[in-house]
Structures are given as C-alpha cells and as structure tokens.
Amino acid sequence: RIALERSKSAREAVQLMGDLAVAEGFYGAGSFEGTGESLMVIDPREGFIFHVLPDHSGKSAVWAAQRVGDGQVGVVANMFTIRHLLPNRTTRGQPDFLFSDSVHEIAQRSGWWRPSDGPLDFTRVYSDGEYAHKFYSGRRLWGAYRLLAPDVPMPSDYSDLRPSPVYPATVSTRRKLSPLDLIAVHRDMYQGTPFDMTAGAAAGAFANPDRYSASGVTKLRGAWERSIALYRTSQTHVVQARGWLPPTIGGVAWYGPHAAHGTCFLPLHIGAQAVPAPHADADPRSVSRRSAYWAHKF
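Small disclaimer: the values here were computed from a predicted structure and weren't measured.

Scoring rules and cut-offs
Residues numbered from 1 in each chain as written. Predicted model: local features only at pLDDT ≥ 70, side-chain atom pairs only at ≥ 80, totals over all residues. Heavy atoms only, no water. Helix = DSSP H or I, 4+ residues; strand = E, 2+ residues; numbered from the N terminus. Rg over C-alpha atoms; globule rule 2.2 N^0.38 Å. Buried < 20%, exposed > 50% of the residue type's maximum accessible area, 1.4 Å probe, protein only. Contact = heavy atoms within 4.5 Å. Areas by Shrake-Rupley, 256 points an atom, 1.4 Å probe, with all protein chains shown as cover. Lys, Arg positive; Asp, Glu negative; His and termini not counted. Charge placed at Lys NZ, Arg CZ, Asp CG, Glu CD. Pairing = 2+ DSSP bridges. Axes fitted to C-alpha atoms, helices over the stretch in contact; angles between N-to-C directions.

Trainee: Could you give me a rundown of the overall build of the protein chain, with the residues and numbers involved?
Mentor: In terms of regular secondary structure, the protein chain is built from 9 helices and 11 strands. Taken over the C-alpha trace, the protein chain has a radius of gyration of 20 Å; the compact-globule value for 298 residues is 19 Å, and the two agree within 12%. For the protein chain, buried positions account for 42% of its 298 residues. Taking the contacts inside the protein chain whose residues are at least 6 apart along the sequence as the reference set, 56% of them involve residues at least 24 apart. Within the structure as shown, the protein chain displays about 16,900 Å² of accessible surface, and the carbon and sulfur contribution to it stands at 54%. Here the protein chain contributes 32 positive and 27 negative side-chain charges, whose respective centroids are spaced 4 Å apart.

See below:
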C-alpha cells in the first residue's frame, strides 16, 4: 500500500518495498509455507518479479527483483523463482536486476555462496524449496508455461527444484497475451496431459477435479497433483495496465470471487469510485446471499 501511494512506476515500487524491508524488517506469516513473499509488480511499461525474506537477525531483510523482459512472461507458484542475479544486464540503460546489499553479504558470510561460484542463484541460496511435497510448485510452473509459452520445451519431471534451474524465472512467448490467456492459466487443471485432474478414478463419473481433505481416514504416502485451479481459492485476479489509455480506465483488475474455475471475472477500473456491493462482501466465515463470493462458492 505504501508503494502504491509513493511510487510512480513498478521499478520505483520494487526499490521502495525492498528499502523499507531492509530498514524496518520483514516479518512473514510464519506458516508451513515459510516466511518469504513473492509479488508480481507491473506498470504500463515494465513488470518485475519481487522476492523478499527476513535476514538472519530478524530485524532486516534480503530481497531481489527481476525485470520480465519485453516479449517474455514470468510465472511464480508458491516458491522463489529468480535464479542468477546479473547486475550488469540492462534494458534501455536500466538494470534488469535489483537487490539488497545483504543478498551477497549474507550468502558469503554463511558459506552458501562465494564470488568464485559465479552469479549468485537466489532460489538455490535463499529458497526452502517446495513446501509440502515434490511437484507442489513445479507442476504449476510447468502447467502455466505450457499454456503461455508452448513453443518452449519444459520437462515435467525433475529431481529437486531448489538447486536445479529446471524452470526459468521468465521465458519468451511468440504471441501477445491477453487477460483471457491469464484467466485460462488460473483455471487450468492440466487437462489433456498425463496429470489431468478431470480424468481417472479419482475424478469419478463426473470428471470432478477437486480432491477434498477428510478427517478420520487412513493416511497414505504420496500426494494428489496440485492443479493451478483449486476449490479452496478465496479469490482470483488478473491485473491489466494499458498505457495507451488514460490511467483511470487503462488500469483494470479482473476480479473473480472464489475459485477461478467456478467464477465470473468482473473488470474493475482503477478510476471507479466504488466497488459493486456484492463484491465488497466476502466474509468466508458467514454465509451471505448478498455476497458474490458466496454466490460463486455455492
């Protein structure tokens, strides 16, 4: 929110968020998914992948950001994705990578990286890897890239996603993407692939992609595939920045309450003075027939 108030560009916002985290500290949620955070930050001209996590003292932070190149697309799925930091790579005279001084300092002091190793791999050094199980993040990266950049071959299997740069932070795509393409990614269940959640015995007679948790059942080793579309999603949004239009209508948030595969996306322009009442009521603890969230949930 501070970055939105004080910054005029995505580059300024990334730098401000990083500087504030270093000066004031960054305190993550402390959940099983770790205390780091990833954000996609865009303006009509540039887009950045931004990673931040607490430092060893708990009073400051480590952060890095990578510019998504022109004609490229980047995917982040519950895990850090920025790999080698290249401080000398620029676009139109501006660096493609931004990062805190602590990135190299802490890694070298901790014995995780040496200058002789070459460019520091941010994910290898600072990520905890996939949280719950193998393919927790990797399958989503593979699934998204197969839709957004189908001409780029991506392996569906790997050993360990953290030390191995199986999936790049960004890749080139041959076509211009639209909000509909990104909505399709959010709704993806790997249809038509060996990992199709709508196929097989678990999907039942009605091709149900959802795999619900249950209590009091026998625990087995292994895990279901983790599709991009999930029934427990609270809301989905696709943000569009169109520089050829006035800012009040050029910026659009395509907002879908509840899970992407069962919602309708409503365009909300940044110049709007208010949000429709049904979309302002979304308490997951209290059923409301006036709420768009509950209308889509049921």
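Read on for the rest.
Trainee: Now, about the sheet that holds strand β2 (residues 47-54): what can you tell me, with residues and values included?
Mentor: If you walk across this open sheet you meet the 4 strands as β1-β2-β3-β7, and the pairing is antiparallel. Strands with a single pairing partner mark the edges of an open sheet, and in this sheet they are β1 (37-42) and β7 (97-99). With direction set aside, neighbouring strand axes in the sheet form an average angle of 15°. Relative to strand β3 (residues 61-67), β2 runs antiparallel, the two being bridged by 7 bridges.

Trainee: Can you explain the pairing of strand β10 (residues 251-257)? Please cite residues and give values.
Mentor: Strand residues, when the strand is regular, have side chains that alternate between the two faces of the sheet. Here β10 lies mainly inside the structure; 5 of its 7 residues are buried. With 7 bridges joining them, strand β9 (residues 235-241) and β10 adopt antiparallel strand pairing. Bridging from a neighbouring strand, Val239 pairs with Ala253 of β10. Relative to strand β11 (residues 266-269), β10 runs antiparallel, the two being bridged by 4 bridges. What sits directly across from Ala253, in β11, is Leu268.

Remember, this is a structural readout, not a statement about activity or role.
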